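Structural overview for review
Chain by chain, the residues run as shown.
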Amino acid sequence: MFVVLLASAAAVGQATRGTEAAATALSADRTRPAALGAAGRLHARDLGLVINTNDPYSVAVGAHYIAARGLAPHQVLRLELPLVPVLDRDAFAQLQARIVEHFDDRTQALALVWQQPYAVACNSITGALTLGFDAALCSNSCAPSRRSPYFDSPSLRPFTDLHLRPTMLLAAPDAQAARALIDRGVRADHTLGLRGAPPVHAFYLRTSDPARNVRVKSYPAPGFVPQVGLNIHVTTADALRSAEPVLLYMTGLPRVAGLDRVNWVPGALADHLTSFGGRLSGDSGQMSVLDWTGSGATASYGTVSEPCAHPQKFPHPRIVLKHYVQGSTAIEAYWKSVRWPQQGLFVGEPLAAPFARD
């Protein structure tokens, strides 16, 4: 049964102090205060785009993204990659070298425009490009992986401050769905938390799967956050049944039913904690994150190799929402919410920023 919220959907303010108050309400860790980021976010000028010229999807979707976000020629790297789910280490080293050679200090984050490759051995391709390839993890993928220095960071310039570029895969089930995903991300900017805007909803589900419910203890308290017009629901169910506009949907199941009935708002984030949500091809027996982006979510996350039930390998329920309502982009909010992201594939339109004020 859904938690009943008693607060009214009052009109909300737009000031930065409102988003900081909301972030305090969504404290990242009950044992310590939340680390509030300074006002600001990544912008289109900070992003590098990588296109695989061997892949018709990559070429078509990349062209759409360049136009949609107004990227300059120096922000785009075109190269040839094999069309395989898992990139071997030699091919990955060549990709990494080309990225280092092409992009300068202005480039703070990366978007990869393809559906595959999505992994490098047991590492996700987004984890390997951001943090470096971790070969030792592949001997025991259930072990703790590298801690991300970007986790819950206040940094607005990750390459400048931390010498890493958070990376996201711009992937959807097909090119048409990818173009729709991009358009949702662009439409999302500067739309939420404004005076008079209708409230949106974040849904956190407790499911019937105990092993995949390890994030429940980190769910925020249900209620209304008036500063940003956000209703937070914590409910016991295996699928969302609500007509409310959905900003965030977090759950833990191998497959999630009813995604075609979700009323997604542009910029929505959604993920399911399971072993192989980041495997975008083949039959793992589990739902791929492409089902989220194909159904109308704007960004998602899933692991490409067996992570075991470490909550640190998945988005932290309060931290991702905290950074998003402070005005961060989807790539910043998601990357800052995962403590051990080496196996995690970050997927979606990276620059979506519905709460941005700049």
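Computed from a prediction, not measured in an experiment: that's the story for all the values here. (Residues numbered from 1 in each chain as written. Predicted model: local features only at pLDDT ≥ 70, side-chain atom pairs only at ≥ 80, totals over all residues. Heavy atoms only, no water.)

1. Regarding helix α8 (residues 317-325)
Where we set the bar: In this scheme, a residue with accessible area under 20% of its type's maximum is buried, one over 50% is exposed, and one in between is partly exposed, where area comes from a 1.4 Å probe on protein chains only. Under the scheme used here, helices are H or I runs from DSSP no shorter than 4 residues and strands are E runs no shorter than 2 residues, and both carry numbers assigned from the N terminus.
When you tally the buried positions in α8, you get nine out of nine residues, the bulk of the element. Of all the positions in α8, only Pro317, Arg318, Ile319, Val320, Leu321, Lys322, His323, Tyr324 and Val325 are classed as buried. Immediately beyond the C-terminal end of α8, within one or two residues, lies Gly327, with a positive phi of roughly 110 degrees.

2. With respect to unusual backbone geometry
Between Gln116 and the following residue, Pro117, the backbone shows a cis peptide bond with an omega angle of 10 degrees. Looking at the element boundaries, Pro117 is found in the loop between β4 (109-113) and β5 (119-120). One non-glycine residue with positive phi stands out, namely Cys308, at about 60 degrees. The residue Cys308 is located in the loop between β13 (299-303) and α8 in this model.

3. Quick word on the sheet that holds strand β3 (residues 86-87)
This is how the line gets drawn: Following DSSP output, two strands are said to pair if at least two bridges run between them.
Ordered in space as β3-β5-β6, the three strands form an open sheet in which the pairing is mixed. Looking at the sheet topology across the chains shown, the edges are occupied by β3 and β6 (123-124). The pairing of β3 with β5 spans two bridges and is parallel. The partner of Leu87 across the bridge, within β5, is Val120.

4. Overview of the pairing of strand β8 (residues 200-206)
With respect to burial, β8 is a largely interior element, six of its seven residues being buried. Inspection of the sheet shows β8 paired to strand β10 (residues 230-236) by seven bridges, in the parallel sense. Its bridge partner lying in β10, Phe203 is registered against His233. Strand direction decides the pairing type here: β8 and strand β11 (residues 246-251), joined by four bridges, are parallel. Looking at the pairing, Tyr204 lines up with Met250 of β11.

5. Notes on the pattern of salt bridges
Side chains that differ in sign of charge can pair as their charged atoms come close. Note the following rule: Only one rule defines a salt bridge in this text: a Lys or Arg side-chain nitrogen within 4 Å of an Asp or Glu carboxyl oxygen.
With the rule as written, the count across this model stands at nine salt bridges. A salt bridge links Asp189 to Arg69; its shortest N-O distance comes to 2.6 Å. In this pair, Asp189 sits in the loop between α6 (175-188) and β8 while Arg69 sits in helix α2 (residues 56-69), placing the two residues 120 residues apart along the sequence. The buried category is assigned to Asp189, whose relative accessible area is 15%. Across the salt bridge formed by Asp104 and Arg106, the nearest N and O atoms sit 2.7 Å from each other. Of the residues examined, Arg106 reaches a relative accessible area of 45% and is grouped as partly exposed. By sharing partners, the salt bridges in this structure join Arg69, Asp189 and Glu349 into a single network.

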